[in-house]
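Chains, contacts and geometry: an overview
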Amino acid sequence: MHKITQKRASAQPKISVEMNAKHLTVNAGLLPVLRFMDKLRLDTLVKQSVSTPPRAENADYQFHDALRMVVTGQIAGATAMTQVSKICGDEVVARIAGWDHVPVATTLTRIFKAIKQRNLVELESLIPRMRGKVWKRLVRHGKKLACATHRILIDIDSTVQGVCGAPDGAEVGYNPHKKGQKSYHPLIAFCAETKEVLHSWYRCGSAYTSNGTVDFLKELFAGLAKSLRKMVRADSGFFRGDLLDYLESAGAGYLIKVKLKGLKALLVSQPWTPCRNFRGWEETVFEHQCTSWSKKRRFVAVRRQTGISQDLFRTPEYDYFCYVTTEAGSPMAVHRQYGQRATCETWIEECKSQMGAGRIRTDDFLVNSALFQCGVIAYNLLKWMALAVGGTLGRWEVKSIRLWLIHVAGKLTSGSRQQVLKLPRSFLYQAQWQAWDRMSQEIVFA
């Protein structure tokens, strides 16, 4: 018989720690992001667009510098101004960004407190200017973007951001998660094709879902090419006659879920026919004019039987889904198209939670609005970069990009009049990082 011997696991080696290494960073992936910002001329666009008062002559940094630092910090995961200062103050990050030193959190906040209402509007106008440059470059290099050439599908929605304490503008309003908590209520429009934020407003917590939507869309449409066919998709919170009037006057299509008192009674009275290829579903098309409307509009609805009532008449019970729309497709096709809007909720959470838009706050509403716009810019930059790289990277969420492409260990070395950022010989998603970096070096904007 052979004696079976168990191999003993090797003992853990004794390792000592020395904290004297130089020029190391955990955010080496910010290098391609900073290059992309430079190629996009973000500093120049901010200086041209946002007319904040110039700081004192002895001030090292102006508003456009502070904005770039906040955007950089948020891309790396900062959710507070102190974290922005620490991330941007990283020796390697500061050197590759060209910052001699980084202001402390209180100084960054003071720079943002110079914001006025007109500056906030100017800051919002940055998005279409940057978007135009990115889309133009992508289309010229063969990227098929329907939203840039002939048709754009716009998803609009609002979201609640609860706060602690009582910062300026935080009010009690609709809050399904914590009733009675003060909050903000941003309004956001997304491009369904590219997942980027097209336009956004930071609003008080007491604002109703659709408050100001007409003016919001006017600003949004002003930043889009007139030749584009615009299609707006929204939930029942945006079921308003004045909104539909504006969309029709602007030549835009719409698909909006219906919220109507007495809707069930109205639907029951309609003639229903079975949906082709969808067993158990029925559909109907009809025209209806609400009390405050100037005319009738096209409604489509589908229903699915869920059971039979337990009363004497034993009548069928249904789940109803109803929409007002300019789309010419069948009710089931419209219903399925609206169902694709569910991804809009994912994009909102990605922008709000993963990117942290609106999480860096002060006690000033205008400053918070400006910081929210910084979060939107940071979110869009990552979406544009992923779109430019293409492939599987275009489907990654912010948290995946940050984990695998931003938080990469690196060491900055100098010699022969050049600086080299050295990365590990092998690491997870190395090929994607190389494509990410190569794109940032090769891309050129007109």
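Relevant structure appears above.
In this report, we go over the structure that sits alongside the text.

The rules behind each value
- Each chain carries its own residue numbering, running from 1 in the direction its sequence is written.
- Given that the model is predicted, a residue must reach a pLDDT of at least 70 before its local features are reported, and side-chain atom pairs must reach 80 or more before they are shown or counted; all residues, however, enter totals for whole chains, interfaces and linings.
- Excluded from the side-chain calculations are hydrogens and water; all other atoms, namely the structure's heavy atoms, are used.
- Runs of E in the DSSP output that reach at least two residues are strands. Runs of H or I that reach at least four are helices, and both are numbered from the N terminus.
- Whether two residues are in contact is decided by their heavy atoms: any pair within 4.5 Å suffices.
- Lines fitted to C-alpha atoms define the axes here, with helix axes fitted over just the stretch in contact, and angles between the N-to-C directions of these axes take values from 0 to 180 degrees.
- Definitions for this section: a left-handed crossing has its near helix turned counterclockwise from the far helix by less than a right angle. A right-handed crossing has that turn clockwise.
- Residues are grouped as follows: Ala, Val, Leu, Ile, Met, Phe, Trp, Tyr, Cys and Pro are nonpolar; Asp, Glu, Lys and Arg are charged; all remaining types, including Gly, are polar.
- Here is the rule: rings of Phe, Tyr and Trp (six-membered ring for Trp) pair when centre to centre is within 6.5 Å. Planes less than 30 degrees apart are stacked, more than 60 are edge-to-face, and the remainder are tilted.
- Partly exposed residues are those whose accessible area sits between 20% and 50% of the maximum for their type, while under 20% is buried and over 50% is exposed, using a 1.4 Å probe and protein chains only.
- Working rule: Lys NZ or Arg CZ, within 6 Å of ring centre, within 35 degrees of ring normal, means a charge sits over the ring.
- Roughly parallel here means an angle under 35 degrees, roughly antiparallel means over 145, roughly perpendicular means 65 to 115, and every remaining angle is called oblique.

With that settled, the discussion passes to the side chain of T209. Topologically, T209 is positioned in the loop between β7 (197–201) and α10 (213–222). The contact partners of T209, leaving out residues within four places of it in the chain, are S158, H185, L187, R203, G237 and F238.

For the pair helix α1 (residues 30–40) and helix α3 (residues 63–75), the least separation of the axes is 11 Å and the interaxial angle reads 145°. As for how α1 packs across α3, the hand of that crossing is right-handed. On α3, the residues that touch L30, V33, L34, M37 and D38 of α1 are R68, V71, T72 and I75. For the contact of α1 with α3, the per-class residue count stands at six nonpolar, one polar and two charged.

Moving on, we get to the packing of aromatic side chains. Summed over the entire model, instances satisfying the criterion amount to 20 aromatic pairs. Consider the rings of W272 and Y320, whose centres lie 5.7 Å apart with planes at 55°: the pair is tilted. Of this pair, W272 sits in the loop between α12 (263–268) and β10 (273–274) while Y320 is found in strand β13 (residues 316–325), placing the two residues 48 residues apart along the sequence. Both rings, one in Y323 and one in Y338, keep their centres 5.0 Å apart while their planes meet at 45°; by these two values the pair is tilted. Residue Y323 is found in strand β13, and its partner Y338 is found in helix α13 (residues 331–339); the two are separated by 15 residues along the sequence. Of the two residues examined, Y323 and Y338, each falls in the buried class. Pairwise contacts between aromatic rings join Y184, Y202, F365 and F372 into one cluster. The cationic tip of R131 hangs over the ring face of W135; the distance from NZ or CZ to the ring centre is 5.6 Å. Lying over the aromatic face of F221, K230 brings its terminal NZ or CZ to 5.7 Å of the ring centre.

Attention shifts here to the packing of α1 against helix α15 (residues 365–389). Running from N to C, α1 and α15 cross one another at 95°; their axes reach a closest spacing of 11 Å. As far as their axial angle goes, α15 and α1 are roughly perpendicular. Two secondary-structure elements touch here, α1 through P32, V33, F36, M37 and L40 and α15 through L381, L382, W384 and M385. Class assignment for the residues of the contact of α1 with α15 results in nine nonpolar, no polar and no charged.

By themselves, these figures tell us nothing about what the structure is for.
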